[in-house]
Structure formats: structure tokens, C-alpha cells
Amino acid sequence: MNNSDSDSPVVALVPAAGRGVRLGENMPKAFVAVGGTPMVRLAVDGLLASGAVDRIIVMVPVELVESAVALLPPSDAVRVVVGGAERTDSVRAGIAAAPDAGYYLVHDAARALTPPALIARVAAELRAGRRAVVPALPVVDTVKTVDQDGVVTGTPNRAALRAIQTPQGFAADLLRAAYETNVLATDDAGLVERLGAEVHTIPGDPMAFKITTPLDLMLAETVCNAARSV
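Residues numbered from 1 in each chain as written. Predicted model: local features only at pLDDT ≥ 70, side-chain atom pairs only at ≥ 80, totals over all residues. Heavy atoms only, no water.

The protein has the name 2-C-methyl-D-erythritol 4-phosphate cytidylyltransferase in an unreviewed UniProt entry, where Nocardia amikacinitolerans is given as its organism. Looking at the Function (unreviewed entry) heading of the UniProt record, one finds this comment for the protein: "Catalyzes the formation of 4-diphosphocytidyl-2-C-methyl-D-erythritol from CTP and 2-C-methyl-D-erythritol 4-phosphate (MEP)." Under the heading Catalytic activity (unreviewed entry), UniProt records this for the protein: "2-C-methyl-D-erythritol 4-phosphate + CTP + H(+) = 4-CDP-2-C-methyl-D-erythritol + diphosphate". (UniProt positions renumbered as here; feature names shortened; annotations may be inferred.)

In C-alpha cells:
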């Protein structure tokens, strides 16, 4: 049964407890600054600016709760809770902290430059009746499948491939059901797919790229610097 309706709260869950080893920094990735502002603050600011989110739950390591509270906007709409060792643990903690949600948006702090308009479009699709919605971009590179020795085993047709971004939006009861399983997936939509639910895509935005590597961080810094000079 879908217990969501068009008037139910939209709650954004922001996992920010990951260590971000590939970024090469000495702190959790979400707390690394881009253009002088920590990624998690940029992500939360974008969610608030969208005008489509009623509350935001940010999941951080236990030792950084006070730091996160200090750097995030002083708003009753923003709450910090303790996350888990794995991303799925953090999302479960966020779900538990917002049991009255009608819809959840799960948004990576590392997609710190996501345009508020994209966030609003995901939320609008949910309120219009979609049960699961994700932003997607066409894949521009040729993609190969390989075996354990690195030998190419196939070349998927990239016309049917999409790179998935966040926020990923779900009817609350659907995401709760997905997280009651112990199945592993690389994103929240993957868990929902395992339940047999349809996941719909909407056009994503290049600015919603994930800041994962030092090169990504350089790109994000360049974008922020360019925006300031306009």
C-alpha cells in the first residue's frame, strides 16, 4: 500500500559519514571544502534552495555530529543524526529519524553542486504519483564488460545506458520496504528494483556530478571560482 500522498512531507536524507578514500583527503569527504564551503553544507543549501523539501536529515560520523551542527544552516528543517559504517547503514538511520515522511529524497553530499531545479523536479515527479524517480544522463563513453583477467567480454549498446545521479526520490513506504532487506546494491534505486518496482528516470544535469577523485575536486573548484567571477 502506498501511504504517501501529495500533501505528505518530503524528507531529504543526506549520507555524509563516508570516508572518501579516493579523494585523498584526511577527513570524511562530505566535510572537504569546495570553493571554501564544505560539500555537505553546499548540498544542504541546494536542497533548501529547491523549495521542494520539508526537512533534511544529515547522517554523519558520531565524532562529527557537533561539527556538522555548527557548519549547517541553523534551521528547524535541518537535523543531524549519527550515520553508520556503510552508506546503507546511514540511510537506515535517516529513515528511522523521519518515520512520518511521505517521500524520501536520498542525496549524496558529494554531489554538492546539484542545481536546486533538478531537486525540485524529482520531488514534483513524486508528488505527481511516481513511486521511484532518479535523474539520469546518457553515457557518452563506450562501455566494456571484462572478466577477472581484464579481457573484454562484451560491449553494451550505450544508447540504452544511463549514468544515474541524485537526489533519488521514493515513496516513503517503498524505500522503507527496500531497506528491510539485506540485499546489497550500489544505489538506493538498485534496492528498490529488487522489489520489482518501476524506477523512472528524468533528465539529469551535468552539474550534479559526484566529487569522488582529486580531479573531480579540481573541476568543482573551477566551477565555483567561475561562478564567483560572473
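From this point, the narrative continues.
1. Some remarks on the overall build of the protein
Within the protein, the secondary structure is distributed over 7 helices and 12 strands. Along the first, second and third principal axes, the C-alpha atoms of the protein reach 50 × 45 × 35 Å. Per-residue burial for the protein yields a buried fraction of 45% across its 230 residues. At a minimum sequence separation of 6, the contacts of the protein that also span at least 24 residues come to 69%. (Helix = DSSP H or I, 4+ residues; strand = E, 2+ residues; numbered from the N terminus. Buried < 20%, exposed > 50% of the residue type's maximum accessible area, 1.4 Å probe, protein only. Contact = heavy atoms within 4.5 Å.)

2. As for the pairing of strand β7 (residues 132-138)
Within β7, 5 of the 7 residues are buried, leaving the element largely enclosed by the surrounding structure. Looking at chain direction, β7 and strand β12 (residues 200-203) are connected through 4 bridges and run parallel. Its bridge partner being in β12, V134 is matched across the sheet by T201. Across 3 bridges, β7 lies against strand β10 (residues 162-164) in antiparallel orientation. The partner of L137 across the bridge, within β10, is A163. (Pairing = 2+ DSSP bridges.)

3. Observations regarding the UniProt feature "site: Positions MEP for the nucleophilic attack" (unreviewed entry) in the protein
Per the UniProt annotation, the sites labelled "site: Positions MEP for the nucleophilic attack" (unreviewed entry) are R158 and K210. As for its position among the elements, R158 is in the loop between β9 (152-154) and β10. With residues up to four places along the chain from it excluded, the contact list for R158 reads V139, V140, D141 and T142. Relative to the elements of secondary structure, K210 occurs in the loop between β12 and α7 (214-229). Look at K210 and you get partly exposed, because its relative accessible area is 32%. In contact with K210, not counting residues within four places along its chain, are K29, D108, A110, R111 and D216.

4. Looking at the environment of R158
Owing to a relative accessible area of 40%, R158 belongs among the partly exposed residues under this scheme. Counting along the chain gives 18 residues from R158 to V140, while the straight-line C-alpha distance between them is 7.5 Å. Here the side chain of R158 touches V140 through a polar contact of 2.8 Å, landing on its backbone oxygen. (Polar contact = N/O pair within 3.5 Å; in protein donor to acceptor, adjacent residues only side chain to side chain.)

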